[in-house]
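# Remarks on the overall topology
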Amino acid sequence: MRRSLLPMPATVSRVLLRFGRCGPAAITLLLGGCALSTPPQHADLVAQALPANTRVPTTWAAGAQHVAVADDWLKALQDPALEVIVAEALAHNPDLRQAAARVEAAREAVKVVGARLQPQVGAQLGATARQDRDNGSFNSSFGALGVAWEVDIWGRVRAQTAGAQASAEAVALDYAYARQSLAATTAKLWYLATESQQLVELAGEAVAIYERLLALVQQRRAAGKDSDMNLVDVRARLQSAQSGLLTAQQAAAEVRRSLETLIGRYPSAEISVANRFAPLPPPVAAGLPATLLERRPDLLAAQSAVLAAFRQQEAAQLALLPDVSLTAQGGRVGSGLLALLGLNPWLAAAQVGLSIPIYEGGALRARIAIATAEQAQAVARFGGQSLTAFREVENALASEQYLLNRIPYDERALADRGEAVRIATIQFKAGQRDILWVSRLQAEQLGNQEVVVRARAAQRINRIQLHLALGGSFDARPAAIAQ
């Protein structure tokens, strides 16, 4: 069993050790309190988070260029219309706006926790009036200014503040990854919309082809040169093509609505999309596997979550130590009775408080156990996300090479299928082939065209997924900047 990096629950001996290390409270106040524990380093966290039999290789198994990952991939796609759509999504996507609001809330939460390190100043003002039927009226007033300060000798509040800061950093990094994911999803939907538009055009071509074939068969049937069988078959193919056109149009409208919803528009399926794909840039540089954990915002967010859990667990341990507080109050009381007695209406008081937990039914130790378990969860979550990230990169790299090798075969097959249709059509007109032979070749040609369209779309969508998986940014700023 590997040694755990997680701090063990506090014991009496550890509490006393910290007490002795800090020394007298007066010295502690001068020095600013006990220092916080050192959090686990990145390398130690990775070793703890990943299973014992997992070793991060020095190179990607799927193969790739091992130079640094480049940012600004959106501009590299050389599609100005896509850049406009992505900008619109970043400005108006509702989910991204929610994520931005969570960042602001997390930052303000740090201020709330950190405020406990500062003295709390408050004022009280009041006045009373009494009417006595026999002795007349009596009026009094008071005003006081108070200062209270929880002296963070052991660092419990500072640990909570550091935990809140780490949580805010995690939320900000999650927002940074949300921006990258939104840009990638928008680009992938853009390519799907282009694919669906081409499939609609292809379905329209199929209808036109079978309409011409049906007209030709009808002419030959009227002249007694063709059979009813061929006539019925071509007519059935035309009807299937017309049904396929409606299906393609429906699918294209659904993709457009998805894209419109993503960028914050009403889903009316009216957005204009490209009819053809822009040229695909050269292959992507993938960097080294180990650098992925230091580059992807979602993984850095998970690492910050571990640090936040570490600090919360430390704060739970420090809650076993005494709390020290200082209070001071001064003010003036104005009263006719005090004036008659000749008493001084100015009052001042100061107090030093010490709160020592003696028995609380095991609640403090239960909180330590909860914080320890939550830290273990955060470490395990970081390990799971790391393995998922490695898998995403390996899949995308393998698909990149697979599609790069496959598409030329599809394109050559399409060219040969087109030539076969051309020859069969000539032979049919010369009476050497029947219409069923030509129809079958036409259907196979249309199928090849659809395969090529989908493969080209898949190649571009996989390229976007690879950029996202590698932690490359869609703009010039690094993806892992917490915004």
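Here the structure is a predicted model, which is why all the values come from computation and not from measurement.

### Overview of the pattern of salt bridges
- Under the defined criterion, the tally for this structure stands at 20 salt bridges.
- A salt bridge links Glu400 to Arg463; its shortest N-O distance comes to 2.5 Å. Here Arg463 lies in helix H13 (residues 435-470) and Glu400 lies in helix H12 (residues 363-429), a separation of 63 residues in the sequence. Here Glu400 matches Arg463 in class, with each residue buried.
- A salt bridge links Arg422 to Glu419, with the nearest nitrogen and oxygen atoms 2.5 Å apart.

### Some points on the side chain of Lys188
- Tracing the backbone through its elements, the reader meets Lys188 in helix H7 (residues 156-222).
- Apart from the residues within four sequence positions on either side, Lys188 is in contact with Ile461, Ile464 and Gln465.

### Things to note about the packing of aromatic side chains
- Applying the stated criterion to the full structure yields 2 aromatic pairs.
- A cation sits over an aromatic face here: Arg412 above Tyr409, 5.0 Å from the ring centre.

### Here's the deal with helix H3 (residues 42-49)
- Buried within H3 we find Leu45, Val46, Gln48 and Ala49. Within H3, the buried residues cover an arc of 165° as seen down the axis, which keeps them to one side.
- Contact partners of the buried residues in H3: helix H10 (297-318) and H12.

### Looking at the nonpolar core
- The biggest cluster of nonpolar side chains holds 34 residues, and the ones touching the most others in it are Trp73, Leu82, Trp190, Tyr191 and Leu259.
- Listed by contribution, the elements that provide at least two residues to this core are helix H4 (73-76), helix H5 (80-92), helix H6 (94-114), H7, helix H8 (228-262) and H13.
- The element that contributes the greatest number of residues to this core is H7, accounting for 11 residues.
- Not counting chain neighbours up to four residues away, the residues in contact with Tyr191 comprise Leu77, Leu82, Phe277, Ala457, Arg460, Ile461 and Ile464.
- Counting residues in each nonpolar core, the second largest holds 26 residues, with Ala203, Val217, Val421 and Val453 among its members.

### Things to note about the packing of H8 against H13
- Running from amino to carboxyl end, H8 crosses H13 at an angle of 15°, the nearest separation of the two axes being 10 Å. The angle between H8 and H13 falls in the class roughly parallel. Here the hand of the crossing between H8 and H13 comes out left-handed. Between H8 and H13, the residues in contact are Asn230, Asp233, Val234 and Arg237 and Ile435, Leu436, Ser439, Arg440 and Ala443, respectively.

### Considerations on the environment of Val393
- Along the polypeptide, Val393 turns up in helix H12.
- Judged by its relative accessible area of 0%, Val393 falls in the buried class.
- Distance in space between the C-alpha atoms of Val393 and Gln465 is 8.5 Å, their sequence separation being 72 residues.
- Beyond its immediate stretch of four places on either side in the chain, Val393 contacts Trp60, Leu292, Leu466, Ala469 and Leu470.

### Concerning the packing of H3 against H12
- At a closest axis distance of 8 Å, the pairing of H3 and H12 adopts a crossing angle of 85°. With respect to each other, H3 and H12 are oriented roughly perpendicular. When H3 is examined against H12, the residues Leu45, Val46, Gln48 and Ala49 are found in contact with a partner set consisting of Val379, Phe382 and Gly383.
- Its residues placed into classes, the contact of H3 with H12 shows 5 nonpolar, 2 polar and no charged.

### So, a nonpolar patch on the surface
- Taken together, the side chains of Leu354, Ile356, Ile358 and Tyr359 make up a nonpolar region of the molecular surface, amounting to roughly 560 Å² of accessible area.
- You can see Leu354 is positioned in strand S4 (residues 346-355).

### Details of the environment of Gln385
- Tracing the backbone through its elements, the reader meets Gln385 in helix H12.
- Remark: the alpha-carbon pair of Gln385 and Ala49, spanning 336 residues in sequence, is separated by 9.8 Å.
- Residue contacts for Gln385: discarding those within four places in its chain leaves Asp298, Leu299 and Ala302.

Calculation criteria
Residues numbered from 1 in each chain as written. Predicted model: local features only at pLDDT ≥ 70, side-chain atom pairs only at ≥ 80, totals over all residues. Heavy atoms only, no water. Salt bridge = Lys/Arg side-chain N within 4 Å of Asp/Glu carboxyl O. Helix = DSSP H or I, 4+ residues; strand = E, 2+ residues; numbered from the N terminus. Buried < 20%, exposed > 50% of the residue type's maximum accessible area, 1.4 Å probe, protein only. Contact = heavy atoms within 4.5 Å. Phe/Tyr/Trp six-rings, centres within 6.5 Å; stacked < 30°, edge-to-face > 60°. Lys NZ or Arg CZ within 6 Å of the ring centre and 35° of its normal. Arc of directions from axis to C-beta. Core = buried A, V, L, I, M, F, W, Y, C linked by side-chain atoms within 4.5 Å. Axes fitted to C-alpha atoms, helices over the stretch in contact; angles between N-to-C directions. Parallel < 35°, antiparallel > 145°, perpendicular 65-115°, else oblique. Left-handed = near helix turned anticlockwise from the far one by under 90°. Nonpolar A, V, L, I, M, F, W, Y, C, P; charged D, E, K, R; others polar. Patch = residues over 30% accessible without salt bridge, like charges linked within 9 Å, V, L, I, M, F, W, Y side chains within 5 Å. Areas by Shrake-Rupley, 256 points an atom, 1.4 Å probe, with all protein chains shown as cover.

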